[in-house]
Amino acid sequence: MFDYKKFEDSLVLQMENTLAKLLKEHDDIYIFSLSLSNDVNSVWVIANTIHNLEEMSDPGDEDYYYYKYCEEEWDLWETDDFDSISDKLGNYDCYEEENEDAFCIHRDKAIESCQNALVRFNTYKNKTCPGLLLTFYVREYLDGEECIKLFEKLNSKEALAEYSEHIEDFV
């Protein structure tokens, strides 16, 4: 059986450590995303800097919000820090369960754990870097409504308004 609570606890601690490391290396991080592979075999963090965003697009450009909010375009990918957590995810064989929908159940529980971890991590983030935006990403899985719902829990109303207005540009 997979321990989702332990998974969540590990994510919170590793996100705290990773953010502290990134903030020492970069003074212009504006967004930080926990990312889960859609096959639920790995987890990592992606962040972006204002510098990278400015290199990609200018405010007012048609594609600005795509580059601002699309994780796949960001410059800071932190996978190594999450190797041990990803190994546990990847080693869990949910098909050993008798339920034929075991993978879907596992994926839904892993997503819920990731989202819970982000909500918990938000308290730490607010103390260390209050303006930092938080997101959650599962490639080609979450729809715009789901992204907005979680974004609302993690970020300011002003940030939510912009994110919601431009959701179709990057989801």
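Everything discussed here concerns the structure shown above.
Residues numbered from 1 in each chain as written. Predicted model: local features only at pLDDT ≥ 70, side-chain atom pairs only at ≥ 80, totals over all residues. Heavy atoms only, no water.

Draft legend 1. Seen up close, the pattern of salt bridges. Considering all chains together, one arrives at nine salt bridges under this definition. Linking D9 and R120 is a salt bridge whose minimum nitrogen-to-oxygen distance equals 2.7 Å. One end of the pair, D9, is in helix 1 (residues 4–25); the other, R120, is in helix 5 (residues 102–128), with 111 residues separating them in the sequence. Take D9: its relative accessible area is 32%, and that puts it in the partly exposed class. With relative accessibility at 34%, the residue R120 sits in the partly exposed group. Note that E72 and R139 form a salt bridge whose closest N and O atoms lie 2.8 Å from each other. Here E72 is found in the loop between helix 3 (64–69) and strand 3 (76–78), whereas its partner R139 is found in the loop between strand 4 (133–137) and helix 6 (144–154), with 67 residues between them in sequence. In this structure E72 comes out as partly exposed when scored by relative accessible area, which is 34%. For R139, a relative accessible area of 44% puts it in the partly exposed group. (Salt bridge = Lys/Arg side-chain N within 4 Å of Asp/Glu carboxyl O. Helix = DSSP H or I, 4+ residues; strand = E, 2+ residues; numbered from the N terminus. Buried < 20%, exposed > 50% of the residue type's maximum accessible area, 1.4 Å probe, protein only.)

Draft legend 2. Broad picture of the packing of aromatic side chains. Counting across every chain of the model gives 13 aromatic pairs. Centre to centre, the rings of Y69 and Y163 are 5.2 Å apart; their planes meet at 90°, and the pair counts as edge-to-face. A residue pair is termed long-range when its members are at least 10 positions apart, and Y69 in helix 3 and Y163 in helix 7 (residues 157–165) qualify at 94 residues. Under the relative-accessibility criterion, Y69 is labelled buried at 2%. For Y163, a relative accessible area of 4% corresponds to the buried category. Seen in terms of ring centroids, Y163 and F170 are 5.0 Å apart; in terms of plane orientation they differ by 55°. Their pairing is tilted. A single burial state applies to Y163 and to F170, both of which are buried. An aromatic cluster is present here, built from F2, Y4, F7 and Y92 joined pairwise through their rings. (Phe/Tyr/Trp six-rings, centres within 6.5 Å; stacked < 30°, edge-to-face > 60°.)

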